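Descriptive analysis of the structure
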Amino acid sequence: RELILGKENVEVASTLFALGVVHDKIADYTQALEFYSTALKIRQSQLCDKCIEAAETLANIGIVYGNMGQFDNGIKQWEKSLLIFKQCGIGSEDPAVIVVQENMNVAKELAAANVHQGL
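Residues numbered from 1 in each chain as written. Predicted model: local features only at pLDDT ≥ 70, side-chain atom pairs only at ≥ 80, totals over all residues. Heavy atoms only, no water.

Our focus in this paragraph is the overall build of the protein. The number of helices and strands found in the protein is six helices and zero strands. The N-to-C order of helical and strand elements in the protein reads α-α-α-α-α-α. In the protein, which comprises 119 residues, the share counted as buried stands at 34%. A fraction of 52% describes how many contacts in the protein between residues 6 or more apart in sequence connect residues 24 or more apart. For the protein, the exposed area adds up to about 7,000 Å²; of that, 55% sits on carbon and sulfur atoms. (Helix = DSSP H or I, 4+ residues; strand = E, 2+ residues; numbered from the N terminus. Buried < 20%, exposed > 50% of the residue type's maximum accessible area, 1.4 Å probe, protein only. Contact = heavy atoms within 4.5 Å. Areas by Shrake-Rupley, 256 points an atom, 1.4 Å probe, with all protein chains shown as cover.)

Next up, the structure:
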């Protein structure tokens with residue numbers, strides 16, 4: 001796709017996003033983050049910084065960080081994602097927003113549990 005459409009095409013970003021999903025599923029988190037980050041850059045430059053596609057990509061980056069046990073990084077990504085969803089007029093009852101909020105709540109609980117275990 002990249003050869004035909006060019007490196008900055010939103011269809012290329014969609015493919016990179018899908019590759020990020022696959023690499024997250026097989027626990028290749030470094031590669032997943034790389035694919036998601038590249039997809040995010042394309043989506044932000046070709047669509048806008050605050051588009052739904054950017055929010056979805058940030059949400060998935062948060063999932064990868066959560067899977068890596070880096071809950072604080074995941075929470076930061078989910079907070080950015082929720083802000084963009086809100087700016088796009090997506091309400092708190094939207095399924096995507098609910099999932100992001102639930103992921104963030106679980107990560108906060110796990111981060112707090114890790115802090116308490118370390119004491």
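A few words now on helix H3 (residues 29-46). Over its 18 residues, H3 runs 25 Å from end to end, which matches the ideal 26 Å to within 8%, given 1.5 Å per residue. Every buried residue of H3 is accounted for by Ala32, Leu33, Phe35, Tyr36, Ala39, Leu40, Ile42 and Arg43. Check the buried side of H3 and you find it contacts helix H2 (10-25) and helix H4 (52-67). (Expected span 1.5 Å × (residues − 1).)

Another point: the packing of H2 against H3. How two helices pack is summed up by the angle between their axes together with the distance between the axes. Packing of H2 against H3 brings their axes to within 8 Å, and their N-to-C directions diverge by 160°. With respect to their mutual orientation, H2 and H3 come out roughly antiparallel. Crossing hand, H2 versus H3: left-handed. Judged by residue contacts, Val10, Val12, Ala13, Ser14, Leu16, Phe17, Leu19, Gly20, Val21, His23 and Asp24 of H2 engage Tyr29, Gln31, Ala32, Phe35, Tyr36, Thr38, Ala39, Ile42, Arg43 and Gln46 from H3. For the contact of H2 with H3, the residue count by class is 13 nonpolar, six polar and two charged. (Axes fitted to C-alpha atoms, helices over the stretch in contact; angles between N-to-C directions. Parallel < 35°, antiparallel > 145°, perpendicular 65-115°, else oblique. Left-handed = near helix turned anticlockwise from the far one by under 90°. Nonpolar A, V, L, I, M, F, W, Y, C, P; charged D, E, K, R; others polar.)

This paragraph deals with the packing of H2 against H4. Packing of H2 against H4 leaves a shortest axis separation of 11 Å and a crossing angle of 20°. Between H2 and H4, the angle is such that the two are roughly parallel. By crossing handedness, the relation of H2 to H4 is classed as left-handed. Counting all contacts with H2, which are made through Phe17, Val21 and Asp24, the residues of H4 involved are Glu56, Thr57, Asn60, Ile63, Val64 and Asn67. The residue inventory of the contact of H2 with H4, partitioned by class, reads four nonpolar, three polar and two charged.

The backbone of alanine 27 shows a phi angle near 65°, a positive value even though the residue is not glycine. Of note, alanine 27 is situated in the loop between H2 and H3.

Once that is clear, we can look at the state of the cysteines. Note on terminology: a disulfide is the covalent bond linking the sulfur atoms of two cysteines. Per the counting criterion, the structure on display carries zero disulfides. The closest cysteine sulfur to the non-disulfide-bonded cysteine 88 is located on cysteine 48, 6.4 Å from its own sulfur. The partly exposed category is assigned to cysteine 88, whose relative accessible area is 30%. (Disulfide = S-S within 2.5 Å.)

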